[in-house]
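So you can see what is in the structure, the chains are spelled out below.
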Amino acid sequence: GKVVLIDFWTYTCINCIRTFPFLTAWDKKYRDQGLVILGVHTPEFEFEKKRENVEAATKKYGIEYRVVQDNNYATWSAYRNRYWPRKYLIDAEGYIRFDHIGEGAYEETEKKIQELLAEINKSMEEAELTKLPDTTPTLPTTPELYAGYVFALNRGQNIGNKPGLQVDKTIDYSLPLEIEPNIIYLEGTWHSNKDNLEARQGNASIVLDYLAKSLNIVAMDGSTELDVLVDGSYLASEMAGNDVQFDGERAFIAIDEPRLYNVVDGNYERHTLKLVVSSPGFSFHAFTFG
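What this report covers is the structure whose coordinates are included nearby. Quantities reported herein were computed from a predicted structural model and do not represent experimental measurements. (Residues numbered from 1 in each chain as written. Predicted model: local features only at pLDDT ≥ 70, side-chain atom pairs only at ≥ 80, totals over all residues. Heavy atoms only, no water.)

## As for the pattern of salt bridges
Overall, the coordinates contain 21 salt bridges when judged by the stated rule. Among the ionic pairs, Asp99 bridges to Arg86, the shortest N-O distance being 2.6 Å. Residue Asp99 is located in strand β5 (residues 96-101), and its partner Arg86 is located in strand β4 (residues 86-90); the two are separated by 13 residues in the primary sequence. Judged by relative accessible area, which is 13%, Arg86 ranks as buried. Among the charged side chains, a salt-bridge network with shared partners connects Asp91, Arg97, Lys112, Glu115 and Glu119. (Salt bridge = Lys/Arg side-chain N within 4 Å of Asp/Glu carboxyl O. Helix = DSSP H or I, 4+ residues; strand = E, 2+ residues; numbered from the N terminus. Buried < 20%, exposed > 50% of the residue type's maximum accessible area, 1.4 Å probe, protein only.)

## As for the environment of Gly102
With respect to the helices and strands, Gly102 occurs in the loop between β5 and α5 (106-120). In this structure the C-alpha to C-alpha distance between Gly102 and Arg86, which are 16 residues apart in sequence, comes to 5.8 Å. Gly102 has contacts with Pro85 and Lys87, leaving out every residue within four places of it along the chain. (Contact = heavy atoms within 4.5 Å.)

## A short note on the nonpolar core
In terms of nonpolar packing, the biggest core is built from 74 residues, with Trp26, Trp190, Ile206, Phe282, Phe284 and Phe287 touching the most fellow members. In terms of residue count, the dominant contributor to this core is strand β10 (residues 205-219) (eight residues). Once residues within four sequence positions are removed from consideration, Phe282 is found in contact with Trp190, Leu197, Glu198, Ala199, Ile206, Ile217, Ala219, Met220, Thr224, Leu226, Ile255 and Val277. By size, the runner-up hydrophobic cluster in this structure holds eight residues, among which are Val4, Ile6, Val36 and Ile90. (Core = buried A, V, L, I, M, F, W, Y, C linked by side-chain atoms within 4.5 Å.)

Now the structure itself:
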């Protein structure tokens, strides 16, 4: 008897994160009129299966609607889904009446919510559409880049160093003379895992020539710090992402929990990023851009 919005998400997905302001606003706006939002958290990485990590994410992003953990992809498979995020709107009789892949289409989705609610509440008046900024990127950026060999190699995303990713092996990498754009390069000793790359020494580094306005890294807590350099110098404050801290000129990120960290938030430009690891044990899963 309710209108149901099912949202497939995972908490380190930047595309999902950018939709949360609309979802939480719709939940508050239409809950009393018969809308039920169900967040189906289907993890991409192993650490996203932990209940406490998902609970922390719901609190961080102000998610008050129900969230279920779909760790074994049962609900994902039942809906034949392949994407994060994806939203399905189901009417009061249980029929899927609308679905949308990815970000955006907020006005279209909200109009459909109103239409389906009007079917169960004939006295419902048409409400003004939610006015929030649509942060969906409109310019081409560096594509999402994965670090773990299962994710990266299946997408043709090997690192730029020789001898490339070596399955379950520890390699001492050196930077080549030429750095190609949109490819991860490593320096120092790194171990290749299924879904991440793990630094096995301090002062190991990651180098990436990227094109975007903002850059994020999905990383595990290793109780370590990452020095952040852009184009050979410490990141300037006007380009600093939300998770960057400063100690004098030094720009760094404290990696203290498994999540997405916002490293750069500047102008839409091409830059060369270098992240220097303070101590071994740090691991990262992916870079995402906006």
